[in-house]
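Topology and contacts: notes
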Amino acid sequence: MSKTQLMSAQVRDQLIELFAARQMRPGDRVPSEAEIAELCGVGRSTAREALKLLEQDGIVLVERGRGRFLSSLSALQVDRPVTRFESVTSLLDALGYRAQTLVLSVVESKPDDAERATLDLAEDATVIRLERLRTRGDEPLIYSLETLPRDCIAGPVKHVSWAGSLTDLLAAQGYLMVSSAARLQAQDLPPDVAEKYQLAGFGPWLLITETVITTAGRPILRSQDYHRGSLFAFNVLRR
């Protein structure tokens, strides 16, 4: 996520808290861009993007000639909605986990059929396959297997710090990730992974298999994140 996108998302969350603090109800008028900019100490463009995010979430409705108003969905509070695109790093931070990232392996190889299809790769393409484990102390939180096209990372792989956010790393390379298609299922870790990294007995895991695209529409990342089922839950807002 770019710095601008991150700021807009933070302002969106501040506004949701503001609506609750003011006990605003569906049909109430939303503050203007200028008011939001002053309240949150940001520029008009950031305020505008934050409002767009609220519109996309269905919380704010625009009535031409009248302004912006809270929708009926604003009466529903949903923590960590599964429809919100965010990195694992952002998710853990938001949930209050002071997690460490262990880089288990980084390899360059030919993509398998699933990777080639989801990342729209040529037959002769090469990928970087990254294996990581997020932990809190000695407690495992999330095991991740992530694949990205080799050509999106400049320079030797060994010169890259892989412990940080892939979203930030790819943004620094000019690839801004904005949305994804994801599949959720309850699944055990692959037996070889559980044995190799001593992760047996921590299941069940919630597997999120995700294909992430950039602002230009390019599929840039395929991730398989196994979340500890006893520690993580995602919510859905049904319309």
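Residues numbered from 1 in each chain as written. Predicted model: local features only at pLDDT ≥ 70, side-chain atom pairs only at ≥ 80, totals over all residues. Heavy atoms only, no water.

Here the focus is the overall build of the protein. Helix and strand counts for the protein stand at 7 helices and 8 strands. On the principal axes, the C-alpha backbone points of the protein span a range of 60 × 40 × 30 Å. Out of the 239 residues belonging to the protein, those deemed buried represent 41%. Looking at the protein alone, contacts between residues at least 24 apart form 59% of all its contacts between residues at least 6 apart. If you sum the accessible surface of the protein, you get close to 13200 Å²; carbon and sulfur atoms cover 49% of it. Counting 29 positive and 31 negative side-chain charges, the protein places the averaged centre of each group 5 Å from the other. (Helix = DSSP H or I, 4+ residues; strand = E, 2+ residues; numbered from the N terminus. Buried < 20%, exposed > 50% of the residue type's maximum accessible area, 1.4 Å probe, protein only. Contact = heavy atoms within 4.5 Å. Areas by Shrake-Rupley, 256 points an atom, 1.4 Å probe, with all protein chains shown as cover. Lys, Arg positive; Asp, Glu negative; His and termini not counted. Charge placed at Lys NZ, Arg CZ, Asp CG, Glu CD.)

All right, on to the side chain of R132 then. Within the element layout of this structure, R132 appears in strand β4 (residues 127-136). R132 gets classed as buried once you look at its relative accessible area, which sits at 1%. Polar contacts involving the side chain of R132 include one to the main-chain carbonyl oxygen of G164, which spans 2.7 Å. Discounting chain neighbours no more than four positions away, the residues touching R132 are T101, L102, V103, L104, I142, Y143, S144, E146, W162, A163, G164 and L166. (Polar contact = N/O pair within 3.5 Å; in protein donor to acceptor, adjacent residues only side chain to side chain.)

Taken as a whole, helix α2 (residues 33-40) has its buried residues at E33, I36, A37 and C40. Summarising the axial view, the buried residues of α2 lie within an arc of 100 degrees, below the 170-degree limit, and thus occupy one face. G41 sits one or two residues past α2 and shows a positive phi near 70 degrees. (Arc of directions from axis to C-beta.)

With that settled, the discussion passes to helix α3 (residues 44-56). Note that an α-helix has 3.6 residues per turn; residues three or four places apart therefore point the same way. An ideal rise of 1.5 Å per residue puts 18 Å on 13 residues; α3 measures up with 18 Å between its terminal C-alpha atoms. Buried residues of α3: T46, A47, A50, L51 and L54, and no others. With its buried residues spanning 140 degrees around the axis, α3 presents them on a single face. Looking one or two places after α3, you find G58, whose phi comes out positive at around 80 degrees. (Expected span 1.5 Å × (residues − 1).)

This part takes up the packing of aromatic side chains. Per the stated rule, a full pass over the model turns up 3 aromatic pairs. Judged by centre distance (5.6 Å) and plane angle (45 degrees), the ring pair of Y97 and F232 falls under tilted. Remark: F232 occurs in the segment after β8 (219-228) and Y97 occurs in the loop between α4 (88-94) and β3 (100-109); sequence separation between them is 135 residues. F232 shares its class with Y97; the two are buried. Residues Y143 and Y197 carry aromatic rings whose centres are separated by 6.4 Å and whose planes lie at 35 degrees to one another, so their mutual orientation is tilted. (Phe/Tyr/Trp six-rings, centres within 6.5 Å; stacked < 30°, edge-to-face > 60°.)

Here the focus is the nonpolar core. Among the nonpolar cores identified, the biggest contains 17 residues, and V11, L15, F19, I36, L54 and L70 are the most heavily contacted of them. For this core, the elements supplying multiple residues, two or more each, are α1 (3-21), α2 and α3. Discounting chain neighbours no more than four positions away, the residues touching F19 are M24, V30, P31, L54 and L70. Counting 15 residues, the second-largest nonpolar core is a separate cluster that includes L148, V160, M177 and L221. (Core = buried A, V, L, I, M, F, W, Y, C linked by side-chain atoms within 4.5 Å.)

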